[in-house]
Amino acid sequence: MLNSYLALAILLPIAIISPFIAVCIGSADIPVIDFLVGLFGLQPLDEMAMINQQIILEIRMPRVLMAMICGAGLAVSGAILQCVTRNPLADPYLFGISSGSSLGAVIAMTVGFAGLSLPACAFLGALLAVSIVMLMAKDGQVERLILAGVAISFLLSSISNLLIYFNDHQAMQAVLFWTMGSFARASWANIWLPLISVIVTLIAVQRLQRPLQALMAGDESAHTQGVAVIWLRLGMLLLTAVVTASLVAYCGGIGFVGLMVPHIVRLAIGAASPIGYLITAIAGAILMVWVDLLCRTLLPQQELPVGVVTAILGSLFFLGILTHRKQKL
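So, a few notes on the structure that sits alongside this text.

## Things to note about the nonpolar core
Moving on, step 1. Core analysis: the biggest nonpolar cluster contains 64 residues, and Phe183, Leu212, Met236, Ile254, Tyr277 and Ile279 have the highest contact counts within it.
Moving on, step 2. Secondary-structure elements contributing two or more residues to this core are α1 (4-24), α3 (47-85), α8 (192-207), α9 (209-216), α11 (229-251), α12 (257-269), α13 (276-297) and α14 (306-328).
Moving on, step 3. For this core, the element with the most residues is α3, which contributes 16 residues.
Moving on, step 4. The residues contacting Tyr277, other than those within four sequence positions of it, are Val76, Ala79, Ile80, Cys83, Leu202, Val205, Gln206, Gln209 and Leu212.
Moving on, step 5. By size, the runner-up hydrophobic cluster in this structure holds 20 residues, among which are Val130, Met134, Leu145 and Ala241.

The structure is reproduced here in structure tokens:
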């Protein structure tokens, strides 16, 4: 098991180098030296260099940054939910957040809603789903939260599928691609809400490190240490809902990141590290950058949905864990 600060020292250089590689690789590869020359204005640019600079600054850099923000936010949200529910299979989509966002997006794409944009409708859909879950489990009991989340998820997914079924083929294709996740719509204008929500979440979990650690030991143990268990649990659920909603609103449904990354981090550094959430965020950001790069470059002239690749990786990861545990038994 690694020391948490050693793990941080290993991950930070990877997190710095990965975006530089990702912005230079795509349908048109751009040499790293040309990127650095154009970015820092080291010499006058010819016509081709100016085109490359425009591709990097206006298309690839916002996309790579959105991928990093999304990976960090989903990973931290998953770690928080696994902590407050003490359920290793909890992730941001367990509570109907993804289904709610997808329903909002489907409504925006198919019938419209009071002139609101697609991200706004997706955000409202996610908050609606979490609000219903919290109302159904006002006492904050873990079992009721999970059951309510699963029920709401199936209900909202069914409504989305019904709306898709009664609309034209073009709308259906657009909705299906969006619900499987993509960073194609990333721009400098829409990265700020996800970025702020992820930063606020990281600050909050660092300040609440002790209560969260106490909660992992059990509700009774947390009560004896003066932790307001119900309010802490509901507050963390609401915080993860806001983060996930802001990400899903711009990136679509990307599963398994919040499920897989916290497991990998716990296996590497343990569950009681004081910087565990920070390491989880960095690991999630690195993973998502490389997954997005794979989706952009694996097939010529075609882009794979990010959520499909993360689902494959997550499934293989957990099958591997189950096989390893079976062999140990």
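## Some details on the pattern of salt bridges
Moving on, step 1. Applying the stated criterion across every chain, the model contains three salt bridges.
Moving on, step 2. Glu303 is the partner of Arg63 in a salt bridge, and the nearest nitrogen-oxygen pair spans 2.7 Å. Remark: Glu303 occurs in the loop between α13 and α14 and Arg63 occurs in helix α3; sequence separation between them is 240 residues.
Moving on, step 3. On the basis of relative accessibility, which here comes to 9%, the residue Arg63 falls in the buried class.
Moving on, step 4. Accessibility expressed as a relative area gives 25% for Glu303, which makes it partly exposed.
Moving on, step 5. Arg296 is the salt-bridge partner of Asp292, the closest N and O atoms lying 3.5 Å from each other. Of the two residues, Asp292 and Arg296 are both situated in helix α13; the distance of four residues between them amounts to about one turn of the helix.
Moving on, step 6. With relative accessibility at 1%, the residue Asp292 sits in the buried group.
Moving on, step 7. Arg296 sits in the buried class, given a relative accessible area of 15%.

## Description of the packing of α12 against α13
Moving on, step 1. It is the contact of α12 with α13, at a shortest axis distance of 9 Å, that shows an interaxial angle of 125°. With respect to α13, the element α12 is oriented oblique. As α12 packs across α13, the resulting crossing turns out to be right-handed. Residues Val257, Met260, Val261, Pro262, Val265 and Ile269 of α12 touch α13, and the partners they reach there are Gly276, Ile279, Thr280, Ala283, Gly284, Leu287 and Met288.
Moving on, step 2. Looking at the contact of α12 with α13 residue by residue, the class counts come to 10 nonpolar, three polar and no charged.

## Digging into α8
Moving on, step 1. Here α8 contains 16 residues, and its C-alpha end-to-end distance of 23 Å stays within 8% of the 22 Å for a straight helix at 1.5 Å per residue.
Moving on, step 2. Within the sequence span of α8, burial applies to Pro194, Ser197, Val198, Thr201, Leu202, Ala204 and Val205. Down the axis, α8 shows its buried residues gathered within 165° of arc, on one side only. Counted as exposed and oriented over 90 degrees from the buried face of α8: Ile196 and Arg207.

## Topic: the environment of Ala15
Moving on, step 1. With respect to the helices and strands, Ala15 occurs in helix α1.
Moving on, step 2. Judged by its relative accessible area of 13%, Ala15 falls in the buried class.
Moving on, step 3. Here the alpha-carbon distance between Ala15 and Ile282, two residues 267 residues apart in the chain, equals 6.8 Å.
Moving on, step 4. Excluding its chain neighbours within four sequence positions, the residues that come into contact with Ala15 are Met68, Ile282 and Ile286.

About the criteria used
Residues numbered from 1 in each chain as written. Predicted model: local features only at pLDDT ≥ 70, side-chain atom pairs only at ≥ 80, totals over all residues. Heavy atoms only, no water. Core = buried A, V, L, I, M, F, W, Y, C linked by side-chain atoms within 4.5 Å. Buried < 20%, exposed > 50% of the residue type's maximum accessible area, 1.4 Å probe, protein only. Helix = DSSP H or I, 4+ residues; strand = E, 2+ residues; numbered from the N terminus. Contact = heavy atoms within 4.5 Å. Salt bridge = Lys/Arg side-chain N within 4 Å of Asp/Glu carboxyl O. Axes fitted to C-alpha atoms, helices over the stretch in contact; angles between N-to-C directions. Parallel < 35°, antiparallel > 145°, perpendicular 65-115°, else oblique. Left-handed = near helix turned anticlockwise from the far one by under 90°. Nonpolar A, V, L, I, M, F, W, Y, C, P; charged D, E, K, R; others polar. Expected span 1.5 Å × (residues − 1). Arc of directions from axis to C-beta.

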